[in-house]
Amino acid sequence: MISIKVVNKGRHALPKYATALSAGMDLRANIDEPVTLRPMERRLIPTGLFIALPPGYEAQVRPRSGLALKHGITVLNTPGTIDADYRGEVGVLLVNLSDKDFVVADGERIAQMVVARHEQGEWIETETLDETERGTGGYGHTGVK
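Draft legend 1. The side chain of Arg64, seen in detail. Turning to its location among the elements, Arg64 is positioned in the loop between strand 5 (57–62) and helix 1 (65–71). Those residues in contact with Arg64, other than ones at most four positions away along the chain, are Asp26, Arg109, Ile110, Ala111 and Gln112.

Draft legend 2. The arrangement of unusual backbone geometry in detail. A cis amide bond, omega -10°, links Thr78 with the succeeding residue Pro79. The topology assignment puts Pro79 in the loop between strand 6 (73–75) and strand 7 (80–82). Phi angles above zero are rare outside glycine, and Met40 is one such case at about 70°. In this structure, Met40 sits in the loop between strand 3 (35–37) and strand 4 (42–52). Residue class for Met40 comes out exposed when judged on its relative accessible area of 55%.

Draft legend 3. Molecular detail of the nonpolar core. Formed by 26 residues in total, the largest nonpolar core has its most connected members in Val92, Leu94, Val104 and Ile110. Here Ile110 is in contact with Leu27, Arg28, Ala29, Ile45, Arg64, Leu67, Val92, Leu94 and Val104, once residues within four sequence places are set aside.

Draft legend 4. Focus on the sheet that holds strand 2 (residues 25–28). Ordered in space as 2-10-5-7, the four strands form an open sheet in which the pairing is antiparallel. At either margin of the open sheet sits one strand with a lone partner, and together these are strand 2 and strand 7. Averaged over all neighbouring strand pairs, the angle between strand axes comes to 35°, with direction disregarded. Relative to strand 7, strand 5 runs antiparallel, the two being bridged by three bridges. Across the sheet, the residue bridging to Gln60 is Thr81, located in strand 7.

Draft legend 5. Summary view of the sheet that holds strand 8 (residues 89–96). Pairing is antiparallel across the open sheet formed by four strands, whose spatial order is 1-4-8-6. The open sheet is flanked by strand 1 (5–8) and strand 6, the only strands paired with a single partner. Across this sheet, the average inter-strand angle for adjacent strands is 40°, counted without regard to direction. Here strand 4 pairs with strand 8 via six bridges, running antiparallel. Along strand 8, the bridge assignment pairs Pro46 with Gly91.

Draft legend 6. A look at the packing of aromatic side chains. In total, this model carries zero aromatic pairs according to the counting rule given. Over the ring of Phe50 we find Lys9, and its NZ or CZ is 4.8 Å from the ring centre.

Draft legend 7. A look at the environment of Asp26. With respect to the secondary-structure elements, Asp26 resides in strand 2. Each C-alpha atom of the pair Asp26 and Asp106 lies 14 Å from the other, and the pair is 80 residues apart in sequence. There is a polar contact of 3.4 Å between the side chain of Asp26 and the side chain of Arg64. In terms of polar contacts, Asp26 uses its side chain to reach the side chain of Arg109, at 2.9 Å.

Draft legend 8. Up close: the pairing of strand 5. The element strand 5 is extensively covered by neighbouring structure, given that five of its six residues are classed as buried. Bridge analysis of strand 5 against strand 10 (residues 109–117) gives six bridges, and the strand direction is antiparallel. Counterpart to Glu58 in the pairing with strand 10 is Ala116.

Criteria and thresholds
In this convention, every chain numbers its residues from 1, walking through the sequence in written order. Where local features are concerned, this predicted model is filtered to residues with pLDDT of at least 70; where side-chain atom pairs are given and counted, the filter is 80 or more; whole-chain, interface and lining totals use all residues. Values reported for side chains reflect all heavy atoms of the structure, with hydrogen atoms and water molecules removed beforehand. Where helices and strands are cited, they refer to DSSP runs of H or I of at least four residues and of E of at least two residues respectively, numbered from the N terminus. A contact between two residues is defined here by any heavy atoms of the two lying within 4.5 Å. Remark: exposure states derive from per-residue accessible area (1.4 Å probe, protein chains only) relative to the maximum for the residue type, with buried under 20%, exposed over 50%, and partly exposed in between. Definition of nonpolar core: a set of buried residues of the types Ala, Val, Leu, Ile, Met, Phe, Trp, Tyr and Cys, connected through side-chain atoms within 4.5 Å. We treat two strands as partners when DSSP finds at least two bridges between them. Note on definitions: angles span 0 to 180 degrees between N-to-C directions of axes, and those axes are lines fitted to C-alpha atoms, for helices only across the stretch in contact. For Phe, Tyr and Trp, rings pair up if their centres lie within 6.5 Å, where Trp contributes its six-membered ring, and each pair is then called stacked (planes under 30 degrees apart), edge-to-face (over 60) or tilted (otherwise). Note on geometry: a ring has a charge over it if NZ (lysine) or CZ (arginine) is within 6 Å of the ring centre and within 35 degrees of the ring normal. Polar contacts here mean pairs of N or O atoms no more than 3.5 Å apart (in protein, one a potential hydrogen donor and the other a potential acceptor; neighbouring residues in sequence count only if both atoms are side-chain atoms).

Purely geometric stuff here, so don't read any function into it on its own.
Below you can see the structure in the form of structure tokens.
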């Protein structure tokens, strides 16, 4: 487990893991009044949280499966990445993919955040790449079984 510095300017408790084996912590809306998302509308919903991740880590903002299944609400840029050097407020870019209005209430669990280690890559230009069994096969290449 890593330590993450957090400033909570919101009205709600800090995110926490729901179970001992949960990968994500629920993020809550921190809004002064309900926000109505019309069909196909997107809005940036504040959380009141400001974080400082250690170098080599990112926080991924992902949809909550219940909101997606029951209401067609998802995170538009999923997963949204919060870099270790970002110090602004954590916001959740929600979109309503249903045909009905959806009201986001203050304190509602609107997304989940997964903290993950990452590596940075270094490009090495070359004229050729090694051969593999798959080769250049792309989308749909492995077929349907």
